[in-house]
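Structural characterization, general
Now for the letters of each chain:
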Amino acid sequence: MNQAARKFSAVIFDLDGTLVDSEPLYLEADQKIFRPLGIIVEAEHKKPYTGLSSHCFLADIKKQYDLSLSVEELLTRKNAAYMELAQERTHVFPEMRTFVRLLKEHGYPLAVASGSSKEVIDAVLEAADLLTYFDVTLSSSQVKKGKPAPDVFLEAARLLNTPPQACLVMEDSCYGVEAAKNAQMSCIAIPPAEAAPLADCFYEAELLFAKGMAEFTADKAFAWLHQ
């Protein structure tokens, strides 16, 4: 396909909840590191942090329980626990895997821009047999501000050598959609089932799969790119 004929020149993916169904494993990792400290973490405690970096959640837990451990130490423990789980149980959303392959076959530069650490991003993509598809992998920890600030998406665009306005973002969270819009990028939003009723921010996306992964298909998304 002629590059000039494309609606977008590059595609940037969020990782957690967009490419891989990682939230259950992250919850399990949180429970593993906090249970010995007498802290019970349940799924509802994590919902406000969907789309944010792990650092935000851990900083709040540290403050709430007045923990002596630093946020950096908590993050190190959490990442280690998560990667141990992810090596064996990472689940890629099948239609997303198909979409990534379809984009790559048609020559799109691809990036992952996530709130997870760079080490976790690369390890999860490697475990999922997806790492080689991406030209750039980037963590919010590598830029000044995480989502909903645009920094991580703007840096991904820079590394892809693509103007922000020519980038399409794939996101599952409100914070991610807001970050894409703040970066002057277009967005396909695939909110999680538990997000219903949907917050207004999801409707800012250029294409919304309101029923999430139950509705998303690679063919629909790819056809929209070229309409």
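Keep in mind it's a predicted model, so treat the numbers as computed, not measured.

The rules we used
- Residues numbered from 1 in each chain as written.
- Predicted model: local features only at pLDDT ≥ 70, side-chain atom pairs only at ≥ 80, totals over all residues.
- Heavy atoms only, no water.
- Buried < 20%, exposed > 50% of the residue type's maximum accessible area, 1.4 Å probe, protein only.
- Helix = DSSP H or I, 4+ residues; strand = E, 2+ residues; numbered from the N terminus.
- Pairing = 2+ DSSP bridges.
- Right-handed = clockwise from strand over helix to strand, strands pointing away.
- pLDDT = per-residue confidence, 0-100.
- Contact = heavy atoms within 4.5 Å.
- Disulfide = S-S within 2.5 Å.
- Expected span 1.5 Å × (residues − 1).
- Arc of directions from axis to C-beta.
- Axes fitted to C-alpha atoms, helices over the stretch in contact; angles between N-to-C directions.
- Core = buried A, V, L, I, M, F, W, Y, C linked by side-chain atoms within 4.5 Å.

Quick look at the pairing of strand β3 (residues 136-139) now. Both faces of β3 are covered, namely the face carrying Val136 and Leu138 and the face carrying Thr137 and Ser139. Relative to β3, strand β2 (residues 110-114) runs parallel, the two being bridged by four bridges. Each residue of the ladder has a partner; that of Val112, found in β3, is Thr137. Of the crossover connections in this fold, the one passing from β2 over helix α6 (residues 118-127) to the parallel β3 is right-handed.

Let's shift gears to the confidence of the model for the protein chain. Averaged over the protein chain, the pLDDT score is 92; the fraction of residues at 70 or greater is 97%. Note that pLDDT drops below 50 for residues 1-5; the model gives that stretch four contacts with residues more than four away or on any other chain.

A word on the state of the cysteines. Going through the model one piece at a time under the given rule, you end up with one disulfide. Disulfide partner of Cys174: Cys201, at an S-S distance of 1.8 Å. Between Cys174 and Cys201, the disulfide has an S-S torsion of -80° and is therefore left-handed. Here the residue Cys174 occupies a position in helix α8 (residues 174-182), and Cys201 occupies one in the loop between β5 (186-189) and β6 (207-208), the gap between them amounting to 27 residues. Here Cys174 matches Cys201 in class, with each residue buried.

Moving on: the pairing of strand β1 (residues 10-13). Burial along β1 is two-sided: Ala10 and Ile12 and Val11 and Phe13, pointing in opposite directions, are all buried. Judged from the four bridges that link them, β1 and strand β4 (residues 167-171) form a sheet pairing that is parallel. If you follow Ala10 over to β4, its bridge partner there is Cys167. Both β1 and β2 contribute to a ladder of three bridges, which runs parallel. Bridge pairing in β2 places Val11 opposite Leu110.

In an α-helix, one turn spans 3.6 residues; hence positions three or four apart end up facing the same way. Taking 1.5 Å per residue as the helical rise, helix α3 (residues 54-65) with its 12 residues ought to reach 16 Å, and the 17 Å between its terminal C-alpha atoms agrees with that figure. Along α3, the positions that sit buried rather than exposed are Ser54, Phe57, Leu58 and Ile61. End-on view of α3: buried residues confined to an arc of 95°, all on one side of the axis. Looking at the packing, one finds that the buried side of α3 touches α1 (23-34), α2 (43-46) and α4 (71-89). Phi for Asp66, located one or two positions after α3, is positive at around 50°.

What follows covers unusual backbone geometry. Cis peptide bonds are those with omega within 30 degrees of zero, and the linkage from Lys147 to Pro148 qualifies with 15°. With respect to the helices and strands, Pro148 occurs in the loop between β3 and α7 (151-159). For Asp129, which is not glycine, the phi dihedral falls at a positive 60°. Checked against the element boundaries, Asp129 lands in the loop between α6 and β3. For Asn161, which is not glycine, the phi torsion reads 55° and is therefore positive.

Take the sheet that holds β1 next. Reading across from one edge, β3-β2-β1-β4-β5-β6 is the order of the six strands in this open sheet, with parallel pairing throughout. Two strands in the sheet have a free side with no partner beyond their single neighbour: β3 and β6. With two bridges connecting them, β5 and β6 associate as parallel partners. Opposite Ala189, over in β6, you have Leu208 as the bridge partner. This element, helix α5 (residues 94-105), spans β1, β2 and β4 of the sheet and lies at about 155° to β1. Across the face of the sheet, helix α9 (residues 218-225) comes into contact with β4, β5 and β6 while running at roughly 160° to β5.

Quick look at the nonpolar core now. Core analysis: the biggest nonpolar cluster contains 56 residues, and Phe13, Leu19, Phe34, Phe99, Phe134, Met170 and Ile188 have the highest contact counts within it. Considering every element that reaches this core, the biggest residue donor is α4, with seven residues. Not counting residues up to four positions away in its chain, the partners in contact with Phe34 are Ile39, Val41, Phe57, Leu58, Ile61, Leu67 and Leu74. The next biggest cluster of nonpolar side chains, apart from the first, holds 26 residues, and it includes Ala111, Leu138, Val143 and Cys167.

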